[in-house]
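# Results of the structural survey
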Amino acid sequence: MLRDRILAEKPEEEELKSRLKAARDRLAARQMKIKEHRLPVLVLLEGWGTSGKGSTIGQVIRNIDPRFFKVASMEIIREEDRRKPFLWRYFSQIPEAGKFVFMDSGWMDEVTRARLMGTMDDETYDRRIAGIRRFERQLTDNGYLVMKFFLHISAKEQKKRICELKDDIDTRWRINEADRWQNKNYKKCLDIFDRYLDATDSPAVPWYVVDARSRKWAELQVLETLTEGIDIAMQNRALAVPVLQNVFPLVKMPKLCEVSLNGKTMEEEAYKTELKRLQKHLGELHNRLYRKKIPVIIAYEGWDAAGKGGNIRRITEALDPRGFEVHPIAGPEPHEKARHYLWRFYTRLPRTGHIAVFDRTWYGRVMVERLEGFCMENDWKRAYNEINEFEKELSDWGAVIIKFWVHIDKDTQLERFTMRQNTPEKQWKITDEDWRNREKWDVYEEAVDEMIQKTSTSYAPWHILESVDKRYARIQALKIVIDELEKVL
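Residues numbered from 1 in each chain as written. Predicted model: local features only at pLDDT ≥ 70, side-chain atom pairs only at ≥ 80, totals over all residues. Heavy atoms only, no water.

Right, let's talk about the overall build of the protein for a bit. Along the protein, the regular secondary structure elements total 20 helices and 10 strands. Counting over 489 residues, the protein shows a buried share of 55%. Considering only contacts within the protein whose residues lie at least 6 apart along the sequence, 83% involve residues at least 24 apart. For the protein, the exposed surface amounts to about 23,600 Å²; the carbon and sulfur share of it is 49%. The positive charge centre, built from 87 side chains, and the negative charge centre, built from 81, are 3 Å apart in the protein. (Helix = DSSP H or I, 4+ residues; strand = E, 2+ residues; numbered from the N terminus. Buried < 20%, exposed > 50% of the residue type's maximum accessible area, 1.4 Å probe, protein only. Contact = heavy atoms within 4.5 Å. Areas by Shrake-Rupley, 256 points an atom, 1.4 Å probe, with all protein chains shown as cover. Lys, Arg positive; Asp, Glu negative; His and termini not counted. Charge placed at Lys NZ, Arg CZ, Asp CG, Glu CD.)

With the rule as written, the count across this model stands at 45 salt bridges. Across the pair Asp-191 and Lys-187 runs a salt bridge, and its minimum N-O distance is 3.7 Å. Of this pair, Asp-191 and Lys-187 both sit in helix α9 (residues 186–200), 4 residues apart, which is roughly one turn of that helix. On the basis of relative accessibility, which here comes to 33%, the residue Asp-191 falls in the partly exposed class. (Salt bridge = Lys/Arg side-chain N within 4 Å of Asp/Glu carboxyl O.)

A volume near 790 Å³ is recorded for the second largest pocket. At the level of elements, β1 (41–47), α2 (53–61), α5 (107–116) and α8 (177–184) are the ones that each hand at least two residues to the lining of the second largest pocket. Of the residues forming the lining of the second largest pocket, the biggest block, 5 residues, is contributed by α5. (1 Å grid on protein atoms, 1.4 Å probe; cavity = no way out; pocket = protein on both sides within 12 Å on 5 of 7 lines; lining within 4 Å. Points joined across faces, edges and corners; volume = space filled by probe spheres on them.)

Moving on, we get to the sheet that holds strand β7 (residues 324–328). The strands making up a sheet are joined through hydrogen bonds of the backbone, oriented either antiparallel or parallel. Taken in spatial order, the 5 strands of this open sheet run β7-β8-β6-β9-β10, and their pairing is parallel. Lying at the two open borders of the sheet, with one neighbouring strand each, are β7 and β10 (462–466). Put simply, the sheet's adjacent strands are angled 20° from each other on average, direction ignored. With 7 bridges joining them, strand β6 (residues 296–302) and strand β9 (residues 400–407) adopt parallel strand pairing. (Pairing = 2+ DSSP bridges. Axes fitted to C-alpha atoms, helices over the stretch in contact; angles between N-to-C directions.)

Packing of helix α6 (residues 122–141) against α9 leaves a shortest axis separation of 10 Å and a crossing angle of 45°. As far as their axial angle goes, α9 and α6 are oblique. The hand of the α6/α9 crossing is right-handed. Between α6 and α9, the residues in contact are Tyr-125, Asp-126, Ile-129, Ile-132, Arg-133 and Glu-136 and Arg-195, Tyr-196, Ala-199 and Thr-200, respectively. The residue inventory of the contact of α6 with α9, partitioned by class, reads 5 nonpolar, 1 polar and 4 charged. (Parallel < 35°, antiparallel > 145°, perpendicular 65-115°, else oblique. Left-handed = near helix turned anticlockwise from the far one by under 90°. Nonpolar A, V, L, I, M, F, W, Y, C, P; charged D, E, K, R; others polar.)

All right, on to the nonpolar core then. With 145 residues, the main nonpolar core has Phe-102, Trp-107, Tyr-196, Ile-298, Trp-362, Trp-405 and Met-451 as its most contacted residues. Looking at this core, the element that brings in the most residues is helix α10 (residues 215–236), giving 9 residues. (Core = buried A, V, L, I, M, F, W, Y, C linked by side-chain atoms within 4.5 Å.)

Attention now goes to the packing of aromatic side chains. Under the counting rule described, the total for this entry stands at 25 aromatic pairs. One aromatic cluster in this structure is built from Phe-86, Tyr-90, Phe-91, Trp-107, Phe-135, Phe-345, Tyr-346, Phe-358, Trp-362, Tyr-363, Phe-390 and Trp-462. The ring of Tyr-125 carries Arg-115 above its face, with NZ or CZ at 4.8 Å from the centroid. Against the face of Trp-380 rests Arg-370, its NZ or CZ located 4.0 Å from the ring centre. (Phe/Tyr/Trp six-rings, centres within 6.5 Å; stacked < 30°, edge-to-face > 60°. Lys NZ or Arg CZ within 6 Å of the ring centre and 35° of its normal.)

A surface patch of positive charge is lined by Arg-313, Lys-426, Lys-429 and Lys-470. Checked against the element boundaries, Arg-313 lands in helix α12 (residues 308–316). Judged by its relative accessible area of 44%, Arg-313 falls in the partly exposed class. (Patch = residues over 30% accessible without salt bridge, like charges linked within 9 Å, V, L, I, M, F, W, Y side chains within 5 Å.)

Inspection of every chain in the model, using the stated rule, returns 2 cavities of 30 Å³ or more. Quantified by volume, the largest cavity comes out at close to 90 Å³. Every residue lining the largest cavity is listed: Leu-87, Phe-91, Gly-131, Arg-134, Phe-135, Gln-138, Leu-342, Tyr-346, Glu-389, Phe-390 and Glu-393. Of all the secondary-structure elements, those providing two or more residues to the lining of the largest cavity are α6 and α16 (377–397). No other element matches the 4 residues that α6 contributes to the lining of the largest cavity. Considered class by class, the residues forming the lining of the largest cavity number 6 nonpolar, 2 polar and 3 charged. Looking at the second largest cavity, its volume works out to about 40 Å³. If you trace the second largest cavity, you find it lined by Arg-127, Arg-128, Glu-393 and Asp-396. Those elements that place two or more of their residues in the lining of the second largest cavity are α6 and α16. Looking at the lining of the second largest cavity residue by residue, the class counts come to no nonpolar, no polar and 4 charged.

Another point: the side chain of Asp-194. Tracing the chain through its elements places Asp-194 in helix α9. Here Asp-194 is in contact with Met-1, Leu-2 and Arg-3, once residues within four sequence places are set aside.

Written as structure tokens, this is what we have:
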């Protein structure tokens, strides 16, 4: 791509000045349109060392109200970043609707640098590329404008800039060993950059190669391309996005009506004995998980009053409190609704060696949001594949993913609702919304069946917990968690 790209010819000075002023004015005007259309814009600037990424961003943002943008410098990878999934630190930076985020370097820099240093093998590289393509496509499918710029200069130009910066005592700090190494190994870097750009160029999220020999010319190219991209994105916001076919291996699952709830009970004494034994074993496994730095994600969904809370408590009682966190998921806050629906789950992922328990999950997209009309039909239909992709990213990171549907019948739910309503200390557990949802049992069951069928993958299968007897369900959950952890350990 870099070798074969025919770059636009730099205009004469007068034309350059005229076009720069017009482009700056256009971007200033577009920011209010972006706010009005609630269009989130993510601008990624990659390029050679000394190509001017930082200065280009500095020039572009001068035309935007500072309340509507954020600049994220992603070059330094912190220890916290290394203990989270590869895409975590980029996903956590995505903008709210109606705002800009400018990234000074990003996922391209991280991948190509590891490749150049020889710390990433072919298999990992291919996984990273697949994950990046999914990440970028998911953002655009969910209404984001993603603009990717690569600032290109020749080896000769780079060397000249390195010398100029080095010779000035006030700018010497801006040159580091990585810049010098890159210039000395320019051809090798060019090959790696070319391969990456070709692999991640797509019609929805193309790469724009910027001739960065001149600072003003680079700024003009970025401004004109960015404003044109904004105009096209606002025109296309009403268009439906194709629903992709699932490409991940699925585990065949029964429908809820085919799951027998009869005879799934446990006596009190047997329950206490088994609970104590299993919790002790789980606590021992938790220590090994921490030592081996394996992340675990336990996701709970189920009918209201099915016993999710008590089930979670029996799991967490066995764990070191410093090594887990429970996330009760309610309706999204305004700043969460303003982003990709997976953002609030990405930002709650555990570090390696830790356990995250989700009481309600990202599956709300294909249940509550679907049935209550909180998202469009195209949104929830796309979500099955998006969720499989999300969990694949977690699995590739090395996470153990355990998903429970806590299952009861309608009569058991009615009995528990009535008991909650008639017991003063439990009345907080029952709401008018619970009763309204109960009236929609049949349509919810249909949605749950479809969800389980389409998202029970080989790397993140569903487990149905029969919970008419809560004791039985708790023991089953403990056994499943222990079994899954033992497999990976």
